[in-house]
Amino acid sequence: MPVAVIQMVSQSDVLANLARARVLLEQAAAGGARLAVLPENFAAMGRRDVADIARAEAFGQGPILPWLKQVARDLKLWIVAGTLPLPPVDQPEARAHACSLLVDDQGQVVARYDKLHLFDVDVADNRGRYRESDDYAYGANVVVADTPVGRVGLTVCYDLRFPELYSELRAAGAELITAPSAFTAVTGAAHWDVLIRARAIETQCYMLAAAQGGMHPGPRETFGHAAIVDPWGRVLAQQDQGEAVLLAERDSNEQASIRARMPVASHRRFFSQGARRRPVQDDEFKA
């Protein structure tokens, strides 16, 4: 079952971004992909009217959700819709979440993940300061869902720095984990590759790391290097900058073999066996 990871260079024009995303998704479907992952902020980068976009989508007046469902139906493709701003389902006037949707090949939303960890950091780039919590509310749930290519766990970008989330996804049965991202050029150069490979190795999952890769309004430069990484930590496909569609196949037999030969999930002790942190006494290791 081939999977696809997409890299974009999204701008502030939503309709133009959707048109580009459609072209890339068509390429993924033509390559045989059953599931494709779009990057974080695939529909808009650099917009400050997040609340307005979220409200329009919640009330059925925005272009993104209808487009997403139609493309999935047209291409008979499961899609992880990177992120888009959406309020809680039952609270359309509430603050938006950075939301990653899983849409099936009939155009139905089958899972929703609201980003748990928001990017509130200072970075030594031309922007300097990022505060996602100014625009978004924190998510609260770990999300996995069954798809034709396996059981998929959903994460987003900054989540990559919090391995406990990925341990929870593995415990919930994840076989593939998506990480649509928009890493800055600075943090990406320092940490992107090691993070996506580490998350794959420790969970023994395929990592589907979609990305933004280029220059955006703000100004903002993203690192790119979208990648598909296998459960042994091997990079099966990667693109440095610019638009791209990456394809690879999940080998479920090899994944099962890796997990059987190195059963790290059953070896985990600190959490599963009730171990607890305790202070070390000053004289504990003295002769």
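Per an unreviewed UniProt entry, the recorded name for the protein chain is Carbon-nitrogen hydrolase family protein, and the organism is Pseudomonas marvdashtae. According to UniProt, the comment filed for the protein chain under the heading Sequence similarities (unreviewed entry) is "Belongs to the carbon-nitrogen hydrolase superfamily. NIT1/NIT2 family."

Colleague: What am I meant to see in the overall build of the protein chain here?
Modeller: Across its full length, the protein chain carries seven helices and 18 strands. Compactness check: the protein chain gives a C-alpha radius of gyration of 19 Å against a globular reference of 19 Å for 287 residues, within 12% of the reference. Projected onto its principal axes, the C-alpha positions of the protein chain cover 70 × 40 × 40 Å. Counting all 287 residues of the protein chain, 51% fall into the buried class. Taking the contacts inside the protein chain whose residues are at least 6 apart along the sequence as the reference set, 68% of them involve residues at least 24 apart.

Colleague: Teacher, can you tell me more about the sheet that holds strand S11 (residues 176-178) here?
Modeller: Note on sheets: strands pair through backbone hydrogen bonds, and any given pair is parallel or antiparallel. On the basis of which strands lie adjacent, the open sheet formed by six strands has the order S9-S10-S11-S12-S16-S17 and mixed pairing. In this open sheet, the two strands that pair with only one neighbour each are strand S9 (144-147) and strand S17 (235-239). Between one strand axis and the next, the sheet turns by 20° as a mean value, whatever way the strands run. Sheet topology places S11 next to strand S12 (residues 206-209); three bridges connect them, and they run parallel. In the strand pairing of S12, Thr 178 is matched with Leu 208.

Colleague: Help me out: how do you make sense of the environment of Gly 150 in this one?
Modeller: Position of Gly 150 relative to the elements: it lies in strand S10 (residues 150-154). Overall, Gly 150 belongs to the buried group, its relative accessible area being 10%. In this structure, the C-alpha to C-alpha distance between Gly 150 and Thr 203, residues 53 residues apart in sequence, is 15 Å. Excluding residues that lie within four positions of it along the chain, Gly 150 makes contacts with Ala 145, Glu 175, Leu 176 and Arg 250.

Colleague: What's the story with the nonpolar core in this structure? I'm lost.
Modeller: Considering soluble globular proteins, one finds that nonpolar side chains tend to be buried as a cluster. In this structure, Leu 35, Leu 160, Trp 192, Met 207 and Leu 208 are the most contacted members of the largest nonpolar core, which totals 47 residues. Once you skip the residues sitting within four places of it in the chain, Leu 160 turns out to touch Tyr 166, Ala 179, Ser 181, Phe 183, Trp 192, Leu 195, Ile 196, Arg 199 and Met 207. Val 14, Ala 21, Ile 79 and Leu 86 belong to the second largest nonpolar core, which has 31 residues in total.

Calculation rules
Residues numbered from 1 in each chain as written. Predicted model: local features only at pLDDT ≥ 70, side-chain atom pairs only at ≥ 80, totals over all residues. Heavy atoms only, no water. UniProt positions renumbered as here; feature names shortened; annotations may be inferred. Helix = DSSP H or I, 4+ residues; strand = E, 2+ residues; numbered from the N terminus. Rg over C-alpha atoms; globule rule 2.2 N^0.38 Å. Buried < 20%, exposed > 50% of the residue type's maximum accessible area, 1.4 Å probe, protein only. Contact = heavy atoms within 4.5 Å. Pairing = 2+ DSSP bridges. Axes fitted to C-alpha atoms, helices over the stretch in contact; angles between N-to-C directions. Core = buried A, V, L, I, M, F, W, Y, C linked by side-chain atoms within 4.5 Å.

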